[in-house]
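# Topology and contacts: notes
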Amino acid sequence: MSRTSGPKSFEISKHLVFEAYLRVKANRGAAGVDGESIEQFEADLRGNLYKLWNRLSSGCYFPPPVRMVEIPKPGGSGKVRVLGVPTVADRIAQTVVAMVLEPMVEPVFHPDSYGYRPRRSALDAVEVCRERCWSTDWVIDMDIQGFFDNLDHELVLKAVRHHTDQRWIWLYVERWLKAPLQRPDGSLLSRDRGSPQGSAISPLLSNLFMHYAFDLWMARTYPGVRFERYCDDVVVHCRSEAEAHRVREAIAGRMAECGGLLLHPDKTRLVYCKDGKRRGSAEHTSFTFLGYGFRVRKARTKRGDYFFSFNPAISDEAAKRIRAQIRRWRLHLRSGWTLEQLAREINPVVRGWINYYGRFFPSSLVTSLNRINDYLVRWLVQKYKRFRGRWMRARDALGKHASVYPGLFAHWKLVKP
């Protein structure tokens, strides 16, 4: 697409809109309230992108309602998390703004902020958290109650205006913050606070909000207290229980000042990092951060000696979700498939599990991944008559196949049949 031409209220590049479309296409995603998929949008790609650019540049783009989707929260509590699914065109428009705003704010973000930032990942946060748990005895496992639902719009807009004087960014950020949610029955839910998860601009806005509400405040008020923050998921490290109590109370006060945010009374906890050398007692001696459970674990030195260390490994909740996914595949009932077809089907997902949850204490992942082997043995018994009722023979046959083709299934590098 060529550069902008002709008088417009705002100077927005056509090329920028096209680059935003490419990012949205790569991320895929569900349709919004108009039911239009990315493929349907591409049926008249040139016309749709031009129409979007023209409206953005003219200042007359008004975002449609955001489709409300409720997904159950992990743990089987019956509670739900509300996601907002914008239309394809709206995701492209949000990405345009994010691509312009992100380079302005990224350089000022705190080094201990990891969420949705370039060249940073959740695993980086887990690794730093692990090292700091070794050197400090107490942790504040912090949970902000309904964070995305309760973001103060005025504070978000104030932060945006502080970093850019481009009025079109102010205009559209405000319109997105106020865009209503459309319930499944078609009714609209107006909003005067909050930014629904699922939009392209929401992670950047929430990071910007927390940069001023938490990161900079911590750096000013408690310069010696370290933390890791992944969006609204925060771990704070303290040297003593007394310091942990003081810092938690101060954080609660700070959150209340920033739009009335509340720390969750049950999920925000003080945790003692108990291990072989730290043998005190406390109500809580473990916590979960970014899918990893931190607690005392039996570890081994390079010389083969065993000791007890405070370490992360896949959390019980994450392991439960993996086993549930393995059950949903119902591999043992696909007797018309070959092993190679089964491997092609599940390997991309399994590699993702291994790459993420296998980074620290991969042995804790083995139990869950071994369920795949159990289903493959059942697949053999169902498929071949010679294995009917001969489970050990079927497992031996699968083991021999794994020895000949060790790379066929991604999980075989961690756990052989």
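For the structure, check the block above.
Quick summary incoming for the structure in this document. Just so it is clear, the model here is predicted, and its values are computed rather than measured. (Residues numbered from 1 in each chain as written. Predicted model: local features only at pLDDT ≥ 70, side-chain atom pairs only at ≥ 80, totals over all residues. Heavy atoms only, no water.)

### Topic: the overall build of the protein
Counting its regular elements, the protein contains 13 helices and eleven strands. The C-alpha extent of the protein, read off along each of the three principal axes, is 75 × 60 × 40 Å. Across the 417 residues in the protein, those meeting the buried criterion constitute 46%. Excluding contacts between residues fewer than 6 apart, the proportion of contacts in the protein whose partners are at least 24 apart in sequence is 66%. With the model as given, the accessible surface of the protein reaches about 21000 Å², and the carbon-plus-sulfur share is 50%. Each charge sign in the protein was given a centre, from 68 positive and 43 negative side chains, and these centres are 8 Å apart. (Helix = DSSP H or I, 4+ residues; strand = E, 2+ residues; numbered from the N terminus. Buried < 20%, exposed > 50% of the residue type's maximum accessible area, 1.4 Å probe, protein only. Contact = heavy atoms within 4.5 Å. Areas by Shrake-Rupley, 256 points an atom, 1.4 Å probe, with all protein chains shown as cover. Lys, Arg positive; Asp, Glu negative; His and termini not counted. Charge placed at Lys NZ, Arg CZ, Asp CG, Glu CD.)

### Some thoughts on the pattern of salt bridges
Under the defined criterion, the tally for this structure stands at 17 salt bridges. Two residues, K25 and E42, come together in a salt bridge whose shortest N-O distance is 2.9 Å. With a gap of 17 residues between them, K25 in helix 1 (residues 14-27) and E42 in helix 2 (residues 38-42) connect regions that are remote in the sequence. Taking relative accessible area as the criterion, E42 reaches 23% and is therefore assigned partly exposed. E228 is the salt-bridge partner of R132, the closest N and O atoms lying 2.9 Å from each other. With a gap of 96 residues between them, R132 in helix 5 (residues 122-135) and E228 in strand 6 (residues 227-230) connect regions that are remote in the sequence. Each member of the pair, R132 as well as E228, carries the same accessibility label: buried. When salt bridges that share partners are traced, they join D112, R132, R226 and E228 into one network. (Salt bridge = Lys/Arg side-chain N within 4 Å of Asp/Glu carboxyl O.)

### Some details on the sheet that holds strand 8 (residues 269-272)
Across the sheet, four strands lie side by side as 6-7-3-8; this open sheet has antiparallel pairing. The open sheet is flanked by strand 6 and strand 8, the only strands paired with a single partner. Geometrically, the sheet is characterised by an average inter-axis angle of 15 degrees between neighbouring strands, direction not taken into account. One ladder, built from four bridges, connects strand 6 with strand 7 (residues 233-238); its direction is antiparallel. Across the sheet, Y230 pairs through a bridge with D233, a residue of strand 7. (Pairing = 2+ DSSP bridges. Axes fitted to C-alpha atoms, helices over the stretch in contact; angles between N-to-C directions.)

### Focus: the packing of helix 1 against helix 4 (residues 88-105)
Where helix 1 meets helix 4, the closest approach of the two axes is 8 Å, and the angle between their N-to-C directions is 115 degrees. The angle between the axes of helix 1 and helix 4 places the two elements in the roughly perpendicular class. Where helix 1 crosses over helix 4, the handedness of that crossing is right-handed. Contact residues: L16, V17, E19, A20, Y21, R23 and V24 in helix 1; R91, I92, T95, V96, M99 and V100 in helix 4. (Parallel < 35°, antiparallel > 145°, perpendicular 65-115°, else oblique. Left-handed = near helix turned anticlockwise from the far one by under 90°.)

### Topic: the pairing of strand 3 (residues 138-143)
With five of six residues buried, strand 3 lies mostly within the body of the structure. Summarising the sheet, strand 3 and strand 7 pair through six bridges and their orientation is antiparallel. Within strand 7, the residue paired with D143 across the bridge is D233. With four bridges joining them, strand 3 and strand 8 adopt antiparallel strand pairing.

### Describing helix 8 (residues 202-221)
Here helix 8 contains 20 residues, and its C-alpha end-to-end distance of 27 Å stays within 8% of the 28 Å for a straight helix at 1.5 Å per residue. By the largest-angle criterion, H211 marks the main kink of helix 8, which is about 45 degrees. Taken across its 20 residues, helix 8 has 14 buried, putting it largely inside the fold. (Expected span 1.5 Å × (residues − 1). Bend = angle between axes of the 7 residues up to and from the residue.)

### Brief notes about the sheet that holds strand 9 (residues 287-289)
The strand order across the open sheet formed by three strands is 9-10-11, and the pairing between neighbours is antiparallel. One side of each edge strand has no neighbouring strand; the edge strands of this open sheet are strand 9 and strand 11 (306-314). On average, adjacent strands in this sheet sit at an angle of 50 degrees to one another, irrespective of strand direction. Across three bridges, the pairing between strand 9 and strand 10 (residues 292-300) is antiparallel. The residue of strand 10 that forms the bridge with T288 is G293.

### Details of helix 10 (residues 316-329)
Along its 14 residues, helix 10 runs 20 Å from first to last C-alpha, staying within 8% of the 20 Å computed at 1.5 Å per residue. All buried positions along helix 10 are accounted for by A318, A319, I322, A324, I326 and W329. The elements touched by buried residues of helix 10 are strand 11, helix 11 (339-357) and helix 12 (363-383). Phi turns positive one or two residues past the end of helix 10, at R330, with a value near 50 degrees.

### Observations concerning the packing of aromatic side chains
Counted according to the given criterion, the structure contains 20 aromatic pairs. Ring centres of W138 and Y272 lie 5.2 Å apart, and the angle between their planes is 40 degrees; on these two criteria the pair is classed as tilted. Within this pair, whereas W138 is found in strand 3, its partner Y272 is found in strand 8, the two being separated by 134 residues in sequence. Of the residues examined, Y272 reaches a relative accessible area of 9% and is grouped as buried. With a centroid separation of 5.7 Å and 50 degrees between ring planes, the pair formed by Y292 and Y356 is classed as tilted. You can see Y292 sitting in strand 10 and its partner Y356 sitting in helix 11, a full 64 residues away along the chain. (Phe/Tyr/Trp six-rings, centres within 6.5 Å; stacked < 30°, edge-to-face > 60°.)

### Focus on the environment of V415
The residue V415 is located in the segment after helix 13 (391-404) in this model. Separated by 50 residues in sequence, V415 and L365 have C-alpha atoms that sit 9.4 Å apart. Look past the residues within four positions of V415 in its chain and what remains in contact with it is V366, L369, N370 and N373.

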